[in-house]
Structures are given as structure tokens and as C-alpha cells.
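Fold and contact review
So you can see what is in the structure, the chains are spelled out below.
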Amino acid sequence: MAALDGLFESLVSGSVRVVDLTQPLSESTPIIQLPEPFVNTPGFKMEELSRYDNRGPGWYWNKIEVGEHVGTHFDAPIHWVTGRDSDDLASIDATKLIGPAIVIDKSAEAEADPDFLLTVDHLKEFENEHGPFPQGGWLLVRTGWDARASDQAAFLNANETGPHTPGPDVECARWLAEESPFVGLGVETVGTDAGIAHSFDPAFPCHHFMHGAGKFGLTQLANLAQLPATGALLVAAPLKVVDGSGSPARALALTPA
Ligand code: MN
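Residues numbered from 1 in each chain as written. Predicted model: local features only at pLDDT ≥ 70, side-chain atom pairs only at ≥ 80, totals over all residues. Heavy atoms only, no water.

Our next topic: the layout of surface pockets. Any empty space left between atoms is shown by rolling a water-sized probe over those atoms. Empty space within the largest pocket amounts to approximately 820 Å³. Ile-32, Gln-33, Leu-34, Trp-80 and Phe-204 are the residues nearest the centre of the largest pocket, which is lined by 29 residues in total. Elements with a minimum of two residues in the lining of the largest pocket: strand E4 (73–75) and strand E9 (162–163). Each residue belonging to the lining of the largest pocket can be placed in one class, and the counts come to 12 nonpolar, 15 polar and 2 charged. (1 Å grid on protein atoms, 1.4 Å probe; cavity = no way out; pocket = protein on both sides within 12 Å on 5 of 7 lines; lining within 4 Å. Points joined across faces, edges and corners; volume = space filled by probe spheres on them. Helix = DSSP H or I, 4+ residues; strand = E, 2+ residues; numbered from the N terminus. Nonpolar A, V, L, I, M, F, W, Y, C, P; charged D, E, K, R; others polar.)

Written out as C-alpha cells, the structure is:
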């Protein structure tokens, strides 16, 4: 009984803060660009149905069109071929959408090297300093990339050799999927894999291993700088689309003020 009373009081008093980890979703939201011959996703589009006018005198509403993997969004296991028999959005156990957030800060490293790769050693270092990772937790990787989120070119950071953005290396992706107690990985970049991960073996190892293990991804996060390394609670809320592979999501964190 009353297990949440302390939380409600803390929210009212401000000793627990809600941090919005979500980027605004609009027609200028950056979207991933796949090379030929792959099909690309549409971005976000909004079309007005009525706005207090003769099409609907008392109400304002829109129709929206958006790819599943646009803006701050959630990757379901079924998104990747290795998770093809695993959960779609509507099948996910909602308990897994709320969990302790572990925030590892690699913003200095990513600023020095946009191809920065997160390794198991980085995670072990973090555990040595802060204690063991929590069961059912979410690993959130801060790279400072959220500062680029209003500029498609800076956000994708691509040149003639492809995109250059930080992400986990192959062994780190495998470890997160198969050995860590995390249920998901959250990042500030356009996808959970590094920009150069198309050249890895396996390609896109984070998608390959995490979704193959029934785990989740969360991308284009904002405001991770406002979270402590440990002690915050993540709430990731994608749409419950039947057969959906991913969805724009509202990502929130509760954090001690
Ligand atoms: Mn995605």
C-alpha cells in the first residue's frame, strides 16, 4: 500500500524532477539516410484537417505521416532480422519500458573523435566506480550529439565515406545483448549503432545482437546531461502499434533534483 506516496510528494515538492529526454518532432527532424539501393523512410509530415473553421468550427486536428524510425524513437526487437520472431511494439511487456537509467558520459571522447566506439572496458570502468549495473536497466550513452539535433547535416555527420557518429563496438554490443542485465540501449544519435557500423562484422552489431536477444533501442535522446550517472528512472513510451517495428516515443526520466 501507498508505495508511491513518497514519489508523489517528491514530485510536488520538486525533490524529484521530470526530465524530458525527447527531441521535438517536426518536419525539420533529422532522418537517417540509407545508401542505394535501400528504401528510405519518410520524415514527419502534418496536414491540417480543420482549425476552428468551416471544416470543423469548434476544433483543431491534423493528420500526421511519419516513418516508424523518425526522431526520438523506440526500436522493437522485430525491427531486425535477428529478432524477426521476437516482440513487435504491441507485444512488448510494458514493465520493461520503465527501468533504472545508467548514464555513461562519453561526450568529451565523441567530441574528439566522432567515430568514438564504446567498449566493454568503458562499461567495466563505470561499474568499478559506480557499482554493478541494475537488472532491467537501460544504458543511456551521452555523447553530446543532442546539440546537433536541429541540423540534419551535422546530426548525420556524413562524408564520402559515410556517416561518422559514435556507438558501441562489436564486442560491446554482444556483451550488452548477451551478458549485461540491461533491457535496452539509449543514444543521442540517429541510431543505436555507430555511423561506421555498416562495415563491422556483423554489420550493425547493436541491432544484430540486441534485437536478437529481444532487447530494445531508443534513439535521438535529449537532455542526458541533466541526469546523474545512476539513480534516475527511465520511462520509454512508444505507440502500441500492432506489428510495429518501432515508433516515435516520449522518453522521460525521473531524477533526484
Ligand atoms: Mn530505429
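There is a patch of nonpolar side chains on the surface, built from Leu-4, Phe-8, Leu-11 and Val-18 and spanning about 360 Å² of accessible area. For Leu-4, the location among the structural elements is in the segment before helix H1 (5–13). Under the relative-accessibility criterion, Leu-4 is labelled partly exposed at 46%. (Patch = residues over 30% accessible without salt bridge, like charges linked within 9 Å, V, L, I, M, F, W, Y side chains within 5 Å. Areas by Shrake-Rupley, 256 points an atom, 1.4 Å probe, with all protein chains shown as cover. Salt bridge = Lys/Arg side-chain N within 4 Å of Asp/Glu carboxyl O. Buried < 20%, exposed > 50% of the residue type's maximum accessible area, 1.4 Å probe, protein only.)

Turning to its location among the elements, Ser-247 is positioned in strand E14 (residues 246–256). Polar side-chain contacts of Ser-247 include one of 2.9 Å to the backbone nitrogen of Leu-239. If we ignore the near neighbours within four places in the chain, the residues touching Ser-247 are Glu-68, Thr-72, His-73, Phe-74, Leu-89, Pro-238 and Leu-239. (Polar contact = N/O pair within 3.5 Å; in protein donor to acceptor, adjacent residues only side chain to side chain. Contact = heavy atoms within 4.5 Å.)

In this section: the side chain of His-73. Within the fold, His-73 resides in strand E4. Judged by relative accessible area, which is 3%, His-73 ranks as buried. Within the structure, His-73 has its side chain in polar contact with the side chain of His-69 (distance 3.4 Å). Among residues more than four places away in sequence, those in contact with His-73 are Glu-68, Val-190, Gly-217, Leu-218, Thr-219, Gln-220, Ser-247, Pro-248 and Ala-249.

Our focus in this paragraph is helix H3 (residues 120–130). Note that an α-helix has 3.6 residues per turn; residues three or four places apart therefore point the same way. For H3, the set of buried residues is Val-120, His-122, Leu-123 and Phe-126. The arc that holds the buried residues of H3, viewed along the axis, is 160°, so those residues lie on one side. Of the exposed residues in H3, those oriented more than 90 degrees away from the buried face are Asp-121, Asn-128 and Glu-129. Structurally, H3 contributes buried residues whose contacts are with strand E5 (98–105), strand E6 (117–118), strand E7 (138–142) and helix H5 (170–178). Immediately beyond the C-terminal end of H3, within one or two residues, lies Gly-131, with a positive phi of roughly 100°. (Arc of directions from axis to C-beta.)

Let us look at the coordination of the manganese ion. Within the first shell, the manganese ion binds the protein through His-69 (ND1), His-73 (NE2) and Asp-75 (OD), at distances of 2.1 to 2.3 Å. Sequence positions of the donors to the manganese ion reduce to the motif H-x3-H-x1-D. For the residue pair His-69 and His-73, the accessibility class agrees, reading buried in each case. (Donors = N, O, S within 2.8 Å, 3.2 Å for Na, K, Ca; no water.)

In this section: the packing of aromatic side chains. Taken as a whole and assessed by the stated rule, the structure comprises 8 aromatic pairs. Here Phe-74 and Trp-138 contribute two aromatic rings whose centre-to-centre distance is 6.1 Å and whose plane-to-plane angle is 55°, an arrangement assigned as tilted. On the criterion of sequence distance, the pair formed by Phe-74 in strand E4 and Trp-138 in strand E7 is long-range, its members being 64 residues apart. According to the relative accessible area criterion, Phe-74 is buried, its value standing at 0%. A centroid spacing of 4.7 Å and a plane angle of 50° characterise the contact between Phe-133 and Phe-182, whose relative ring orientation is tilted. Separated by 49 residues along the polypeptide, Phe-133 in the loop between H3 and E7 and Phe-182 in the loop between H5 and strand E11 (184–187) bring together distant segments of the chain. The same class applies to Phe-133 and to Phe-182, which are both buried. Here a set of aromatic residues connected by ring pairs shows up, and it is made of Phe-126, Phe-133, Trp-175 and Phe-182. Positioned above the aromatic ring of Tyr-60, the side-chain terminus of Arg-51 is 4.0 Å from the ring centre. Here the guanidinium or amino end of Arg-148 rests over the ring plane of Trp-145, the centre of that ring lying 3.8 Å away. (Phe/Tyr/Trp six-rings, centres within 6.5 Å; stacked < 30°, edge-to-face > 60°. Lys NZ or Arg CZ within 6 Å of the ring centre and 35° of its normal.)

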